[in-house]
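Remarks on the overall topology
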Amino acid sequence: MLGKALITLLFSLAATSGFSWLVAWACRSDNEKETSAPARSVTEAPAAVRVVDAYPKLKFDAPVEFTHANDGSNRVFVVEQPGRIRVFDNNASTSSAGTYLDIRNKVAYGGEMGLLGLAFHPKFSENGYFYVNYTKDNPRETVVSRFQAPKGAATVDPATEVVLFKFRQPYSNHNGGKVLFGPDGYLYVTTGDGGSGGDPQDNGQDRTNWLGKVIRVDVNSKEKGNYGIPADNPFKDNKDGFLEEIYAYGLRNPWRISFDDEGRLWAGDVGQNEIEEVDIITKGGNYGWRVKEGKSNFKSTSKNTPADYIAPVWQYSHSNGDVSVTGGMVYRGQQNPSLKGKYVYADYASGRVWTLTPKGNEATNNQEIISRAGTISAFGEDQNKELYLCNHGGGKILKLTSN
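Residues numbered from 1 in each chain as written. Predicted model: local features only at pLDDT ≥ 70, side-chain atom pairs only at ≥ 80, totals over all residues. Heavy atoms only, no water.

1. Some thoughts on the sheet that holds strand β7 (residues 115–120)
Put simply, the rule is: Only strands joined by at least two bridges in the DSSP assignment are considered to pair. Secondary structure elements are defined from DSSP: runs of H or I of at least 4 residues count as helices, runs of E of at least 2 residues count as strands, and each element is numbered from the N terminus. Note on geometry: axes are lines fitted to C-alpha atoms, helical ones only across the stretch in contact, with angles between N-to-C directions running from 0 to 180 degrees.
Spatially, four strands are ordered β7-β8-β9-β10 in an open sheet, and the strand pairing comes out antiparallel. Taken across any chain shown, the strands that pair with only one partner, and hence form the sheet edges, are β7 and β10 (162–168). Strand-to-strand twist of the sheet, defined as the mean angle between neighbouring strand axes without regard to direction, takes the value 15°. As paired strands, strand β8 (residues 129–136) and strand β9 (residues 141–148) are joined by eight bridges and run antiparallel to one another.

In structure tokens, the structure reads:
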């Protein structure tokens with residue numbers, strides 16, 4: 001998930017962002033320990049927003065996703081990493097959250113493993129389909145599967161599960177985990193490089209496997225069993241043995257991705273020793289790992305930067321205790337005018353929250369808006385496109401509000 005710092009995240013040991021950073025740093029393997037790096041470039045602007053507890057009467061077990069079904073019901077959903085999805089009315093006074101789906105008996109939880117993602121089908125109101133991403137053991141695998149909810153159901157039967165695909169995980173960390181429907185109606189899935197440190201199997205650059213990628217599939221097709229390959233996927237029908245499901249590659253651990261209203265696909269890719277990065281993902285793009293960490297050289301058997309390498313639109317160093325990026329979202333709501341059209345993202349370890357200003361396929365004007373929000377594992381939207389933050393260590397859902 002969030003690379004090094006996520007070890008702390010997943011055990012919910014981090015009551016504060018400072019503590020989570022300390023434990024996460026200590027838990028990293030020797031080859032992941034921090035090295036010196038240039039100071040991050042950031043503009044500190046007067047705070048126009050703050051975070052508040054969105055649902056003061058609710059608390060969750062290691063929340064890693066907040067979303068809605070776009071069904072007009074005003075319900076919102078929180079994914080708890082041990083293997084449950086909670087559902088409740090989107091109201092600050094809500095005092096209870098039901099269990100929508102409980103698959104804890106299927107999910108291997110611990111370290112960076114667990115129930116990691118949730119996405120509702122664009123026609124959920126008609127078909128009741130939603131999709132999850134989780135890890136299991138014996139063997140250790142990532143599973144992407146579909147469940148079906150009866151119309152208006154308060155709970156979902158785990159027996160409705162239909163597996164789309166699954167693949168082996170060589171280690172327990174760097175599992176990616178996001179599932180997301182794009183404006184094209186296809187399902188996007190993020191996968192980490194398989195774990196350990198430094199991508200020892202060079203999975204990020206290997207287009208014959210699932211790891212270190214953004215995957216894109218057509219869930220409305222049966223071409224490959226329970227999904228199909230979009231006609232314009234970059235490696236569809238290739239003769240080189242490349243995985244047809246790949247949309248982009250060369251990523252270390254793209255824990256969270258999101259689309260904006262311009263169709264740009266944003267990703268926060270967790271770094272290794274020195275650099276965290278924000279990318280705009282394009283079809284067929286190679287984002288460099290493990291040849292590159294951010295814009296810097298890391299490791300390569302060829303010692304050459306790939307000709308098709310795409311650099312991050314923003315990166316920051318570990319020099320100020322920011323060591324694990326949480327990819328965010330471009331703000332599309334109405335309650336915080338100062339954030340309109342800006343990409344909001346965070347660092348899990350330090351708790352800092354920043355904004356970037358999109359400019360075509362670039363991003364400029366990085367500004368810190370919150371100095372310590374907590375252990376932010378994910379961002380999400382409600383049906384009104386207001387932005388929420390999952391505080392993993394505190395078990396709370398936070399909301400951005402104007403000062």
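Structure shown, so let's carry the discussion forward.
2. Some points on the environment of Phe235
The condition that has to hold: Any two residues having at least one pair of non-hydrogen atoms within 4.5 Å are treated as being in contact.
For Phe235, the position within the fold is in the loop between β13 (213–217) and β14 (246–249). Separated by 13 residues in sequence, Phe235 and Ala248 have C-alpha atoms that sit 9.9 Å apart. Setting aside residues no more than four positions away along its own chain, Phe235 makes contact with Arg207, Phe242, Leu243, Glu244, Ile246 and Tyr249.

3. What to know about the nonpolar core
The nonpolar side chains of a soluble globular protein tend to be buried, and buried together. Basically, it comes down to this: We call a set of buried Ala, Val, Leu, Ile, Met, Phe, Trp, Tyr and Cys residues a nonpolar core when their side-chain atoms join them within 4.5 Å. When a residue's accessible area, from a 1.4 Å probe over protein chains only, is under 20% of the maximum for its type it is buried; when over 50% it is exposed; and in between it is partly exposed.
Counting residues in each nonpolar core, the largest one holds 23 residues, and the members touching the most others are Ile85, Tyr100 and Phe130. Among the elements that take part in this core, β7 stands out by supplying four residues, more than any other. Those residues in contact with Ile85, other than ones at most four positions away along the chain, are Phe77, Val78, Val79, Gly98, Thr99, Tyr100, Leu101, Leu115, Leu118, Phe130 and Val132. Of all hydrophobic cores here, the second largest spans 21 residues; its members include Leu164, Phe165, Phe181 and Val217.

4. Things to note about the sheet that holds strand β3 (residues 63–67)
Read across the open sheet, the four strands follow the order β3-β4-β5-β6; overall the sheet is antiparallel. In this open sheet, the two strands that pair with only one neighbour each are β3 and β6 (98–102). The average undirected angle you get between the axes of adjacent strands in this sheet is 25°. Pairing between strand β4 (residues 75–80) and strand β5 (residues 84–89): six bridges, direction antiparallel. Within β5, the residue paired with Val78 across the bridge is Arg86.

5. Side note on the side chain of Ser145
Rules: Under the rule applied, a polar contact is a pair of N or O atoms within 3.5 Å (in protein, one hydrogen donor and one hydrogen acceptor; residues adjacent in sequence only if both atoms are side-chain atoms).
Along the polypeptide, Ser145 turns up in strand β9. A distance of 2.8 Å separates polar atoms of two side chains, one belonging to Ser145 and the other to Glu161. Once residues lying within four places of it in the same chain are set aside, the contact partners of Ser145 are Phe130, Tyr131, Val132, Tyr134, Glu161, Val162, Val163 and Leu164.

Read these as layout, nothing more, since geometry by itself doesn't imply function.
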